[in-house]
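# Survey of secondary and tertiary structure
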Amino acid sequence: TITEQIQRRCSHFTESYHYIRRNNMGGGGEASTRPGNAVDPSTKSTATAKFNYVTKDGHWQSAYNPLDPNAPELPSKGQIKAVIPKECFQRSYLHSMWFVARDTALAAACAYIAHSTLSTDLPSEPMEALTWFFGWNAYAFWMGCILTGHWVLAHECGHGAFSPSQTFNDFWGFIMHQALLVPYFAWQYTHAKHHRRTNNTVDGESHVPNTREEMGLSDKLEREGGYAAIHEAIGDGPFAMLQVFAHLVLGWPLYLMGLASTGRLAQDGSELGGAIADHFRPSSKMFPAKMRFKIAVSTLGVVAAWAGLAYLVKEHGVLPVCLWYLGPLLWNQAWLVLYTWLQHNDPSVPHYGPDEWTWVRGVLSTIDRPYGIFDFFHHKIGSTHVAHHLFHEMPFYKADVATAALKEYLEPMGLYNYDPTPWYMAMWRVARTCHYMDSTEGIQYYKSLEDVPLSKDLKKD
C-alpha cells in the first residue's frame, strides 16, 4: 500500500541518517567508527533479507550497532532463555555416546580406505608420485575433518553439555582431547573464560584484537614497524594470505604456548605485562592455584601422547607417523581455529572495552555462518554458534531447535547475526579487513591496514 511504501521510505531515510551520524563520530578511546555503508534490508528481495543488512559492495553487515542512539535495548539472559524449549537443555548419555561411536566409525573407515589404497613408501615413478601425493593429502583433509568431530565432542564435555555427569564428561573429554594433543583441563578453563568474556577487549580470551599501537601504527596512522610495516612491504593480498597461514597453521600451537592470541589479563585480573600465559605450566598466570593439579595432569597427558608418537617414529619411521597422524592433526587444528576466528570477527561486529562490555553485549556479537557438508562432521558448531555461546550447557544435538527459537525472537530486533557468505569467502574477507582496533576502551570495531596510508605516500604529501 501507499502507506507502507511511505513507512519504508521513512525507515530508509532514518537508517541513512543514523548511519551517517555514527560514521562521523570520530575514532579514539570512547568509540570507533563502524565501517561499511548500510543498505536498507527492506529494499532486498531475498527470503532472508528482511533482517539482513549488506554494504553497497555486497558484504553482509550486522544489523545491530550500539553506537546508534536508536539501538534496541538488549534483553536479559533470562528473557532469551525463556524462548528456548526446555527439552533443548536435556542431556543424554546414549545420544552423546552415539556420536562418539559414529565419528570413530568414520575415522576407522577413512583409515581403512587409506590403508587399502595408499603406501607410506616414497614412490619412484612420476605418475605414482602424483597419486601418492594427492592420495595422502585427501586422507589428511578428510581424517582431519572427521577428527574435528571428536574435538567438538570433547569441547562439549568441557562445557558439561555431553551428559548430566561432569565426571563422565571429563573422562571422555580427556581421552578425545589428549589424543589430539590438547591439554584438556587447561583448555577447558581458558575456553570457559572465552565464553564469560566474549568480545571483551581487555579480559577476553583467544582472538583478542590487537590495538593500533600493537600493529605498529602511531596515533597519526604512520607505519612505525611490526605488522603495519610487513603489510606495506608485501601488499594487501599476500598479507591476507599471511593472516590465513598464521591463524590456521601456526595459531593453535602458538596459542597453547602463550605466544599469540591470549588475553591481556592474568587469572587474578592483573595485567600480564609481557608474561607468557601458556596452557602447560601449573604456575602459568592463566590459572588459579586450585587448578594446578589438573593442569599438571593435562600436561602429562600431552607428554604421554608425544612419547607415544616418539615410540611410533622409532618403530616405523618419521614419514609414516607424519602421513597417518600429523597431516590430519594439522587440518584438525586449522578447523578449530577457523571456527573461533570467524564466529566472533567481522568489520561490522563490535568489541567492547571494560566500561562498555556486558555479558549479553558480548555474546550477541557472535555470528552464525553456513558450513555446508562440514556441519555434518563438526556437529554444526559454526552454524549454531550463537545458541552455543548463549547457553554452552545445551547439547549440540538440540542447538538447531534452539537456534530457530532464538532467530525468531532476536532477529526482528536486529540482534541475531547470520552471515550467509560461504565460509571460505568470509575467511578471506576477515583476513583482509579485521586487523586492529583503535584502543581497548569504549566500543571498538575492527579496522584494516588496507585503509592506512602507505609510508611512501605520506612522504610525498
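Scope of this entry: the structure provided in the associated data block. (Residues numbered from 1 in each chain as written. Predicted model: local features only at pLDDT ≥ 70, side-chain atom pairs only at ≥ 80, totals over all residues. Heavy atoms only, no water.)

Moving on to the packing of aromatic side chains. Tallied over the entire structure, the rule returns 34 aromatic pairs. Relative to Phe99, the ring of Trp98 lies with its centre 5.0 Å away and its plane at 85°, an arrangement referred to as edge-to-face. Judged by relative accessible area, which is 11%, Phe99 ranks as buried. Here Tyr339 and Tyr371 contribute two aromatic rings whose centre-to-centre distance is 4.7 Å and whose plane-to-plane angle is 55°, an arrangement assigned as tilted. (Phe/Tyr/Trp six-rings, centres within 6.5 Å; stacked < 30°, edge-to-face > 60°. Buried < 20%, exposed > 50% of the residue type's maximum accessible area, 1.4 Å probe, protein only.)

This part covers the side chain of Asp278. Structurally, Asp278 is set in the loop between helix H8 (236–256) and helix H9 (292–316). Side chain to side chain, Asp278 and Arg281 meet in a polar contact 2.6 Å long. Look past the residues within four positions of Asp278 in its chain and what remains in contact with it is Leu256, Met257, Gly258, Ser284, Met286 and Phe287. (Helix = DSSP H or I, 4+ residues; strand = E, 2+ residues; numbered from the N terminus. Polar contact = N/O pair within 3.5 Å; in protein donor to acceptor, adjacent residues only side chain to side chain. Contact = heavy atoms within 4.5 Å.)

Attention now goes to the pattern of salt bridges. Considering all chains together, one arrives at 15 salt bridges under this definition. The residue Asp438 makes a salt bridge to Arg212 at a minimum N-O spacing of 3.4 Å. In this pair, Asp438 sits in the loop between helix H15 (423–433) and strand S5 (443–444) while Arg212 sits in the loop between helix H6 (184–196) and helix H7 (226–234), placing the two residues 226 residues apart along the sequence. Considered together, Asp438 and Arg212 belong to a single accessibility category, that of buried residues. For Glu450, the salt bridge goes to Arg432, with nearest N and O atoms at 2.7 Å. With Glu450 in the loop between S5 and helix H16 (455–460) and Arg432 in helix H15, this residue pair connects regions lying 18 residues apart in the sequence. Judged by relative accessible area, which is 26%, Glu450 ranks as partly exposed. With a relative accessible area of 28%, Arg432 lands in the partly exposed category. Within the structure, one salt-bridge network assembled from shared partners comprises Arg212, Asp219, Asp438 and Lys447. (Salt bridge = Lys/Arg side-chain N within 4 Å of Asp/Glu carboxyl O.)

A positive phi angle is found at Leu221, which is not glycine, with a value near 65°. We classify Leu221 as partly exposed; its relative accessible area is 26%. The phi dihedral of Ser261 is positive, around 70°, even though this residue is not glycine. With respect to the helices, strands and loops of the structure, Ser261 is situated in the loop between H8 and H9.

We now examine empty space enclosed by the protein. In total, this model carries five cavities of 30 Å³ or more according to the counting rule given. For the largest cavity, the calculated volume is near 120 Å³. If you trace the largest cavity, you find it lined by Thr148, Trp151, Val152, His155, His191, His194, Leu336, Tyr339, Thr340, His344, Ile381 and His385. Listed by contribution, the elements that provide at least two residues to the lining of the largest cavity are helix H4 (126–159), H6 and helix H10 (318–343). Broken down by element, the residue count for the lining of the largest cavity peaks at four residues, all from H4. Split into classes, the residues belonging to the lining of the largest cavity amount to five nonpolar, seven polar and no charged. (1 Å grid on protein atoms, 1.4 Å probe; cavity = no way out; pocket = protein on both sides within 12 Å on 5 of 7 lines; lining within 4 Å. Points joined across faces, edges and corners; volume = space filled by probe spheres on them. Nonpolar A, V, L, I, M, F, W, Y, C, P; charged D, E, K, R; others polar.)

The next point concerns the nonpolar core. Among the nonpolar cores identified, the biggest contains 46 residues, and Trp252, Trp335 and Leu338 are the most heavily contacted of them. Here this core gets 11 residues from one element, more than from any other, and that element is H10. Those residues in contact with Trp335 that sit more than four places away from it in its chain are Phe141, Cys145, Thr148, Tyr371, Phe374, His378 and Trp423. Grouped together as the second largest cluster of nonpolar side chains are 23 residues, Tyr352, Trp357, Ala402 and Leu415 included. (Core = buried A, V, L, I, M, F, W, Y, C linked by side-chain atoms within 4.5 Å.)

Empty space within the largest pocket amounts to approximately 1,100 Å³. Taken together, 44 residues line the largest pocket, and the ones lying closest to its centre are Val208, Asn210, Ala260, Ser261 and Thr262. Among the elements of the structure, H6, H8 and H10 are those that each provide at least two residues to the lining of the largest pocket. Considering each element in turn, the lining of the largest pocket owes the most residues, nine residues, to H8. Of the residues that constitute the lining of the largest pocket, the class distribution is 24 nonpolar, 17 polar and three charged.

This part covers the packing of H9 against H10. Between H9 and H10, the shortest axis-to-axis distance is 7 Å and the interhelical angle comes to 130°. Classed by the angle they form, the pair H9 and H10 counts as oblique. Each of Leu309, Leu312, Val313 and His316 in H9 lies in contact with H10, whose residues at this interface are Val318, Pro320, Val321 and Tyr325. Within the contact of H9 with H10, the residues separate by chemical class into seven nonpolar, one polar and no charged. (Axes fitted to C-alpha atoms, helices over the stretch in contact; angles between N-to-C directions. Parallel < 35°, antiparallel > 145°, perpendicular 65-115°, else oblique.)

A word on the side chain of Arg369. With respect to the helices, strands and loops of the structure, Arg369 is situated in the loop between helix H11 (359–363) and helix H12 (374–377). There is a polar contact of 2.8 Å between the side chain of Arg369 and the backbone oxygen of Leu342. In this structure Arg369 touches Leu342, Gln343, Asn345, Asp346, Gly382, Ser383, Tyr418, Asp419, Ala426 and Val430, once residues within four positions along its chain are discounted.

Turning to H6, a few remarks are in order. Taking 1.5 Å as the rise per residue, H6 with 13 residues should run 18 Å; its terminal C-alpha atoms sit 18 Å apart, in good agreement. Of all 13 residues in H6, 10 are buried, a share of seventy percent or more. Within H6 the residues assigned to the buried category are Tyr184, Phe185, Ala186, Trp187, Gln188, Thr190, His191, Lys193, His194 and His195. (Expected span 1.5 Å × (residues − 1).)

Together, Tyr227, Ile230, Ile234, Leu242, Phe245, Val249 and Leu250 make up an exposed nonpolar region whose accessible area comes to about 550 Å². Mapped by element, the contributors of at least two residues to the nonpolar patch are H7 and H8. Element by element, the count of residues in the nonpolar patch is highest for H8, at four residues. Structurally, the position occupied by Phe245 is in helix H8. (Patch = residues over 30% accessible without salt bridge, like charges linked within 9 Å, V, L, I, M, F, W, Y side chains within 5 Å. Areas by Shrake-Rupley, 256 points an atom, 1.4 Å probe, with all protein chains shown as cover.)

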